[in-house]
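# Remarks on the overall topology
Here is how the chains run, residue by residue.
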Amino acid sequence: MTIREELEKRESEYLSPYAALSTNSRGREREEPECDIRPVYQRDRDRILHCKAFRRLKQKTQVFLLAKGDHYRTRLTHTLEVSQIARTIGKALRLNEDLTEAIALGHDLGHTPFGHAGERALNSVYHFSHNVQSVRVVECIERDGEGLNLTWEVRDGILNHQTSGKPHTLEGQVVRLSDKIAYINHDMDDAIRAGILTEEDIPAELRKVLGETGKKRLNTLVHDVIKNSMGKSDIMMSEEIEAAMADLRKYMFKNVYLNPQAKGEEDKAVKLVMQLYRYCIDNPDRMPPHFWRNFEESGTEKEQIVCDYIAGMTDNFAVKKYIEIFVPQEWKI
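On a predicted model such as this, the values are computed, not experimentally measured, just so you know.

On to the side chain of R4. Turning to its location among the elements, R4 is positioned in helix α1 (residues 3-14). Given the relative accessible area of 12%, R4 is considered buried. A polar side-chain atom of R4 sits 2.5 Å from the main-chain carbonyl oxygen of C35. Filtering out sequence-adjacent residues up to four positions away, R4 remains in contact with E34, C35, D36, I37, R38 and P39.

To continue, consider the packing of helix α5 (residues 97-106) against helix α8 (residues 152-159). Two quantities define a packed helix pair, namely the angle between the helix axes and the distance between the axes. Running from N to C, α5 and α8 cross one another at 45 degrees; their axes reach a closest spacing of 9 Å. Classified by the interaxial angle, the pair formed by α5 and α8 is oblique. Note on packing geometry: the crossing formed by α5 with α8 is right-handed. Residues L99, A102, I103 and G106 of α5 form the contact with α8, whose participating residues are E153, V154, G157 and I158. Its residues assigned to classes, the contact of α5 with α8 shows 5 nonpolar, 2 polar and 1 charged.

A grouping of I323, F326 and V327 is seen on the molecular surface, where their side chains present a nonpolar patch of about 210 Å² in accessible area. Mapped onto the elements of the fold, F326 is located in helix α17 (residues 315-326).

What follows is about the side chain of E266. Relative to the assigned elements, E266 resides in helix α14 (residues 266-282). A distance of 2.9 Å separates the side chain of E266 from the side chain of R120, its partner in a polar contact. Here E266 is in contact with L65, A117 and R120, once residues within four sequence places are set aside.

It is worth spelling out the pattern of salt bridges at this point. Applying the stated criterion across every chain, the model contains 28 salt bridges. Salt-bridge contacts for E13 lead to K9; the nearest nitrogen and oxygen are separated by 2.5 Å. With E13 and K9 both in helix α1 and 4 residues apart, the pair spans about one turn of that helix. Residue E13 is classed as exposed on the basis of its relative accessible area, which comes to 56%. Each of R38, R45, D46, R87, K91, E97 and E101 takes part in one network of salt bridges that share partners.

For residues other than glycine, phi is negative in most cases, and the peptide bonds are mostly trans. If you check the backbone angles, R94 has positive phi at about 55 degrees while not being a glycine. Looking at the element boundaries, R94 is found in the loop between α4 (75-92) and α5. Judged by relative accessible area, which is 34%, R94 ranks as partly exposed.

Turning our eyes to something else, we now look at the layout of surface pockets. The probe, sized like a water molecule, is rolled over the atoms to show the empty space still left. In this structure, the largest pocket encloses a volume near 610 Å³. Residue assignment for the lining of the largest pocket shows that the elements contributing at least two residues are α4, α6 (115-125), α9 (170-193) and α12 (239-257). Among the elements that make up the lining of the largest pocket, the one with the highest residue count is α9 (5 residues). Taken together, the residues that form the lining of the largest pocket break down as 6 nonpolar, 10 polar and 11 charged. Quantified by volume, the second largest pocket comes out at close to 410 Å³. If you trace the second largest pocket, you find 23 residues lining it, with K52, R56, I141, F291 and G312 closest to the centre. Mapped onto the lining of the second largest pocket, the elements with two or more residues apiece are α3 (52-56), α7 (130-141), α15 (289-296) and α16 (302-311). With 4 residues, α15 is the single largest residue contributor to the lining of the second largest pocket. Across the lining of the second largest pocket, the residue classes break down as 10 nonpolar, 7 polar and 6 charged.

Cut-off values and rules
- Residues numbered from 1 in each chain as written.
- Predicted model: local features only at pLDDT ≥ 70, side-chain atom pairs only at ≥ 80, totals over all residues.
- Heavy atoms only, no water.
- Helix = DSSP H or I, 4+ residues; strand = E, 2+ residues; numbered from the N terminus.
- Buried < 20%, exposed > 50% of the residue type's maximum accessible area, 1.4 Å probe, protein only.
- Polar contact = N/O pair within 3.5 Å; in protein donor to acceptor, adjacent residues only side chain to side chain.
- Contact = heavy atoms within 4.5 Å.
- Axes fitted to C-alpha atoms, helices over the stretch in contact; angles between N-to-C directions.
- Parallel < 35°, antiparallel > 145°, perpendicular 65-115°, else oblique.
- Left-handed = near helix turned anticlockwise from the far one by under 90°.
- Nonpolar A, V, L, I, M, F, W, Y, C, P; charged D, E, K, R; others polar.
- Patch = residues over 30% accessible without salt bridge, like charges linked within 9 Å, V, L, I, M, F, W, Y side chains within 5 Å.
- Areas by Shrake-Rupley, 256 points an atom, 1.4 Å probe, with all protein chains shown as cover.
- Salt bridge = Lys/Arg side-chain N within 4 Å of Asp/Glu carboxyl O.
- 1 Å grid on protein atoms, 1.4 Å probe; cavity = no way out; pocket = protein on both sides within 12 Å on 5 of 7 lines; lining within 4 Å.
- Points joined across faces, edges and corners; volume = space filled by probe spheres on them.

Take it as geometry only, folks, not as evidence of what the structure does.
Here's what the structure looks like:
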């Protein structure tokens, strides 16, 4: 028996009846030999962790655009916090931790530079959403167009991680909820750090139900999910805590996500992304040759190819590219 087979056997003996077992995966689009050490979801987790799109998340905006300070979240640190929360919940419910982590690490791979401002910009000129783009990254952009060839369950969890989605596995449902828990709490922490909010600004009724500090609120939400999902075929929260979290999310949208102080530079970012898009549409030869060539023969729309290119940019690279294209350079003789 190989190490992989021993691990698969351990899954079948220990995990919940509702967990997604590695041996029951629907498989990959392209068949490939099994690893002798790692089950399929562990291999997927490793592939995501080592891919270029994952590394670029370190220079992509979470909420605060080009924030001045080392402690504000980036898209990468957000992803790691989602992964930690999801693994805590998944482990307590005896779900497949490798699958949970793979989905969490991959859920934002397709996010644009400048956070949701960049996403809105691309969606205004082409039907773009970061969850669909994340699937494109793992299916046909990484590895020079070959993709990572991930299992169906991981791709399903990535595609359906947004509020309106419904993942087919409980592991995917855990990530979907952990994403909300993570960003509501860490975005509030960043807003407090930036001086946009104080703890006392948070409505008293919400602090009473969820907790007086970020640590206590996070603890309340995680425990509530575990308590109400234990032994069930669905991931859920109690009505009281779910309602309080929804109200806290509304509060964050009003006071942080739409706050001019936090979002003052977003109009510039939107215009920058849209100008890059229009330039690449008119000058596709200015995109990296290998990038264009990988998709030109597939029949993919030019607009999608340009979105693929721009969505893959980091904040810094997008600014640099904009300056290179649109700002006159000094003469060098």
